[in-house]
Every structure is written in structure tokens, then in C-alpha cells.
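An overview of the molecular structure
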Amino acid sequence: MQRVGRAGVLAVAGLLSLLAPTVSAGNWGALDPDYRCAIGDPLSQCTADDNQHFVWIEANFESGLETRIVESLDQDFDSIGGILAMRVTTQAGVDVKVFDGDYSGVPFRAWTTCSPDAVFGGSGDSRWYRSQIAYFNNGRYPASYDEAIEKKHYACHEIGHTLGLRHSDDHQHPDADSSCMWDGTRPPYPVSLHNHDVNHLEVEY
Amino acid sequence: MRRQRFAGAVLGAALLVSCRSLGAAAPAASIPSTPSPVAGEDGASSTSNSTVVQSLVPGGSAESTPTAEVDPRERSDLFWDPLTYDGDFAYQFGSLSDIVRASDLIAVAKVADVRQGPSNIIHEDQPDAAMTLRFVTARFAIDDLIKGDPETRQPGEVEVTMFIPSREDVGQVLENVPEEPHLMFLLNEAADRARNGLPPTPGDPYRYWYLPINPLQGVIREFDGRAERLPDTSGDHSGLFDGIEGTDFDALVAQVRSIADRQE
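So, here is what we can say about the structure in this document. Since this is a predicted model, take the numbers as computed values, not measurements.

Of the regular secondary structure elements, chain A holds four helices and six strands. Ordered by position from N to C terminus, the α and β elements of chain A give α-β-α-β-β-β-β-β-α-α. Here chain A holds 205 residues, and 60% of them are scored as buried. Roughly 7700 Å² of accessible area belongs to chain A as shown, and the carbon and sulfur atoms make up 55% of that amount.

As C-alpha cells, this is what we get:
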């Protein structure tokens, strides 16, 4: 009986391992396992340090986009696995700081990087930083943020980056363009996560 | 995805250090002759507030200092690699027709020189969020103008100002000026701001500012008569380069010219 039970556990574990995305899925975690956050380097990307994901949004943030970020935290990330994702009103100790502006000359609509005061730890695909900063370049590319669906797409996308998700089209999943982590620039704009992303988050957090 | 590189000083840092401390060893650069805002982290000028960042100074004094005897392709890779990165680009294209239509200027050109700058500190009023955005500016000598009429300080040239994500890579770019011709798909920053409905910027600092239409697709190199994409464009899944990579460079240029002429 005990042997059967162990076999059953192994079978279930095997099944779960098939369902769960792996590092080789290519769209999860640190871009470089040895990465040391360099101030000003907007291409840093890591996981979060724990499952409490507190997000602070600057005071004069564009209100429509702000609404979508809060909505995304609640609808897309909170309660996935053990994640507690929510907006907070003080900067101290937050996981993510969110800004918008006119960042002319920068070819991104939005990007995520580490904060100048960030601390980091972990290794490999679980390398983490706290705090991270999400910049929304809506002042430079306002036409990209005209519609609520676009705002929700970029809100979900950048928050996803701060939890370790990379672009969905970096793996070969046929439904990559149905995730908000898709970096294609034409409509339709997916506004929520794909199950593949959810699996990553559930495994990590 | 481009892999990041880091200076030894950074690699040698303790496991838990703040980014602010890593930033202390910033290379210095002085300010050139052009419009003028406020001294920033690198000594370069910039102006910012919490939401609008528009004042930039085009130029820095650190200029290209080519290294001796380096293979041309290796030199080109060293130059372009820090400028080739994936991201959530404002513009991305799946066909030659689309990228030609969207470009303000298309030309075959060679790098004449490159310098560091401008740089721009954003959110300077936020002590734990201020960040310096760095750029390098290359003067390209135009061999063949295919589309557009360049806004330029010097006839026959175009200034291409490119965002460079990592400060650590600036020196590598300055030291490895590539020699080969490039087919450039460029946006004019002032024109693109206008297309986005933004009002003219006081002092018109973006008039001469061209940038690749995006960091993965905006430049195609010529080596041995063949078209070659920039190093590590693996983040591009558009299919644009299917049928381009490795083809005859002159034939590609003729094809682009034909498309541009048809779209006029």
C-alpha cells in the first residue's frame, strides 16, 4: 500500500512537472543568472523576493493608466499561487515603484528595471530585486495608450515583468500572442495572463 | 534576448549591495557645445521633472577611439551589440513594406564617428528612483539616400542617436567604430513626436535626432556583399529578416528603393 502510494505521488509529481513550465521555456526569470543590477540599466529583469508584491504609484500618474494597473494587480496577479499583489501608498520597502513620463529617444513604450536603492539576492532564474521600477512612456507615445485595452495590456505586461515573466513570444507556445506578456505591437492587445504565465507564477510563488 | 555584461567592479561587488553604490564609479564625460540644461550624473546636461522629460543635450566629449587591428565583423559586433536589445518597442514590423512606409529616412551609410551623449536624468526629484538615460550619437556619412530628406547640420550626413541601456558598454561602442555600410531605417524624433500629437519642443532639440526604427530591425549591415542583421536579434520574432539575411546587399537596397518609390 505504501509502495502504491509513493508511486502515485511520483506519478502526480511527474504529471505536474509536465504541466509546469521549466527554465527551458525561455520566458521566465532573470535575463542573466549572474546579473548585478546596474543603475540606469533598463534591461534588468528578475523575479520578486517573495509573494507579497506591493506596488507604489507616483502621485501625478495618468489616472486612466493608474486604474488599469490597480485592476491588473487585483485581477491578474493577486491570489495566483500565494501571491498577494496590491497597491500601497508609501514608497518604503515596496516591491515596485511605478512612474510615467515623456522619455524621449527611448524606443520602449514601457520598461522595467531595478531601483537605484535596490537590494538583490537569489540566483539563476530565481534571482530577485527589490525594489523594481516600471516606467510607462505614455508621455512620448500617447497614441499607444489611447484606449483602455492598451493601458490594461501594458499594466499587466510590466507588472508581469516585475514578478519574473518575460515575453511570451520568447518561447514557442502556439498561444503566445494570447498573453499580455506578448510584445507584439499590433492589436489585438491581450489584457491578461496566459495559463503558461500563471503556471510560472504558481511554481515560483 | 541580449545577455548583459558587467564591469569587473560590479562583478566584484558583494552579494548584497545597493545599486546606488554601484553607480558611484560612473565614467565622466564633459559637455559639448549645444543647448543646455542642467548638469547631470555624468556631467552631461539634462532637465527633467516627474512626468515630462524633454530637455536633452545632444553630445558628449568622449569620442570614438578605434582600437587597433580588429576583424571588421568583430568590430561591428562589438559596436552594435550594446545597441541591440529586445524590449517593448513602440514600433515593430513584419514586412519590408511596413518598415519602409514607417521610416522617415532610409539610407545606406557608414559611421563617420561616434560620441557619448546626450544623457538625461529622469525623476530627479525622487531620491530612490532618479535614473540616467544614456545615449550615444553616431554621425553617419550617407552613401545612398533612398527615402526622405535628412534634417542635418552637415550635408551628406545624418546624426543617429541611440539609447544605450548599460553605462558599462559605452566605452566598447566608442572603441569599435564599424567600417561596413549599413542600410538604415530611421525615425526622426521631432517628426515622430509630432505624429504622436506632441507639441513642438522649445528649442527644437530633436530636429536633427534620428534613431533606428527599433534596436533590432533598424539597421542591416553589409559584409562581403551580403545583407546581415545586427548581432543577437533573437528577440525579433516578426519574420522581417526571413528572406533578407544573407541576400545580396545591393539587390536588397534596390528592393527597398523600389518599395519606397511605389509608396510615394
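Where two cysteines share a covalent bond between their sulfur atoms, that bond is called a disulfide. Residues and elements named next belong to chain A. Evaluated as defined, the whole model comprises one disulfide over all chains. Bridging Cys156 to Cys180, the disulfide has an S-S length of 2.1 Å. Sign of the S-S torsion, about -55° for the bond between Cys156 and Cys180, identifies this disulfide as left-handed. Taken as a pair, Cys156 in helix H3 (residues 148-162) and Cys180 in the loop between H3 and helix H4 (195-204) lie far apart in primary sequence, 24 residues in all. An identical accessibility class is assigned to Cys156 and Cys180; each is buried.

Here we come to empty space enclosed by the protein. Residue and element names in this part refer to chain B. Across all of its chains, the model carries six cavities of 30 Å³ or more by this definition. In this structure, the second largest cavity spans a volume of roughly 110 Å³. Looking at the second largest cavity, it is lined by 15 residues, and the ones nearest its centre are Leu83, Tyr85, Met162, Pro212 and Pro215. Sorting the residues of the lining of the second largest cavity by element identifies strand S8 (157-163) and strand S10 (210-212) as the ones contributing at least two each. For the lining of the second largest cavity, the element with the highest residue contribution is S8, accounting for three residues. The residue makeup of the lining of the second largest cavity, split by class, is eleven nonpolar, four polar and no charged.

Taken as a whole and judged by the stated rule, the model has 22 salt bridges over all chains. One salt bridge in this structure joins Asp102(A) and Arg193(B), with 2.7 Å as the shortest N-O distance. Of the two residues, Asp102(A) is situated in strand S4 (residues 102-103) and Arg193(B) in helix H6 (residues 189-195); the pairing between them involves two chains. Take Asp102(A): its relative accessible area is 3%, and that puts it in the buried class. On the accessibility criterion, Arg193(B) (3% relative accessible area) is buried. Linked by salt bridges that have partners in common, Arg140(A), Asp104(B), Glu189(B), Asp192(B) and Arg195(B) make up one network.

Quick look at unusual backbone geometry now. A cis amide bond links Arg130(A) with the next residue in sequence, Ser131(A), at an omega value of 5°. Examined against the element boundaries, Ser131(A) turns out to sit in strand S6 (residues 128-136). Positioned with a positive phi, Asp232(B) is a non-glycine residue whose angle comes to about 50°. Looking at the element boundaries, Asp232(B) is found in the loop between strand S12 (226-229) and helix H7 (249-263).

This part is about the nonpolar core. Counting residues in hydrophobic clusters, the biggest one holds 44 residues, and the most contacted among them are Leu183(B), Phe185(B) and Val256(B). Elements with a contribution of two residues or more to this core: strand S5 (108-121) and S6 of chain A together with helix H4 (96-102), strand S6 (105-122), strand S7 (131-147), strand S9 (182-188) and H7 of chain B. Residue contributions to this core peak at six residues, all from H7(B). In contact with Leu183(B), not counting residues within four places along its chain, are Ile106(B), Ala107(B), Val108(B), Ile146(B), Gly218(B), Val219(B), Ile220(B), Phe249(B), Leu252(B), Val253(B) and Val256(B). In terms of nonpolar packing, the next biggest core, distinct from the first, is built from 31 residues, Ala48(A), Val98(A), Cys156(A) and Leu201(A) among them.

Let us look at the sheet that holds S6(A). With mixed pairing, six strands are arranged side by side in an open sheet as S2(A)-S1(A)-S3(A)-S6(A)-S5(A)-S5(B). The sheet is open, and its two edges are formed by strand S2 (84-88) of chain A together with strand S5 (88-89) of chain B, each paired on a single side. Alignment of S5(A) against S6(A), held across eight bridges, turns out to be antiparallel. Bridged to Val119(A) within S6(A) is Arg130(A).

Let us look at the packing of aromatic side chains. Per the counting criterion, the structure on display carries 19 aromatic pairs over all chains. For the pair Trp56(A) and Phe99(A), a centre-to-centre distance of 5.7 Å together with 65° between the ring planes defines the contact as edge-to-face. Pair noted here: Trp56(A) is in strand S1 (residues 52-57) and Phe99(A) is in strand S3 (residues 96-100), with a separation of 43 residues, a long-range link. For Phe99(A), a relative accessible area of 0% gives the class buried. Seen from their ring centres, Phe135(B) and Trp209(B) are 5.2 Å apart, and the 80° between their planes marks the pair as edge-to-face. Taken together, the residues Phe135(B) in strand S7 and Trp209(B) in the loop between H6 and S10 connect sequence positions 74 residues apart.

The rules we used
Residues numbered from 1 in each chain as written. Chains lettered and ligands numbered in written order. Predicted model: local features only at pLDDT ≥ 70, side-chain atom pairs only at ≥ 80, totals over all residues. Heavy atoms only, no water. Helix = DSSP H or I, 4+ residues; strand = E, 2+ residues; numbered from the N terminus. Buried < 20%, exposed > 50% of the residue type's maximum accessible area, 1.4 Å probe, protein only. Areas by Shrake-Rupley, 256 points an atom, 1.4 Å probe, with all protein chains shown as cover. Disulfide = S-S within 2.5 Å. 1 Å grid on protein atoms, 1.4 Å probe; cavity = no way out; pocket = protein on both sides within 12 Å on 5 of 7 lines; lining within 4 Å. Points joined across faces, edges and corners; volume = space filled by probe spheres on them. Nonpolar A, V, L, I, M, F, W, Y, C, P; charged D, E, K, R; others polar. Salt bridge = Lys/Arg side-chain N within 4 Å of Asp/Glu carboxyl O. Core = buried A, V, L, I, M, F, W, Y, C linked by side-chain atoms within 4.5 Å. Contact = heavy atoms within 4.5 Å. Pairing = 2+ DSSP bridges. Phe/Tyr/Trp six-rings, centres within 6.5 Å; stacked < 30°, edge-to-face > 60°.

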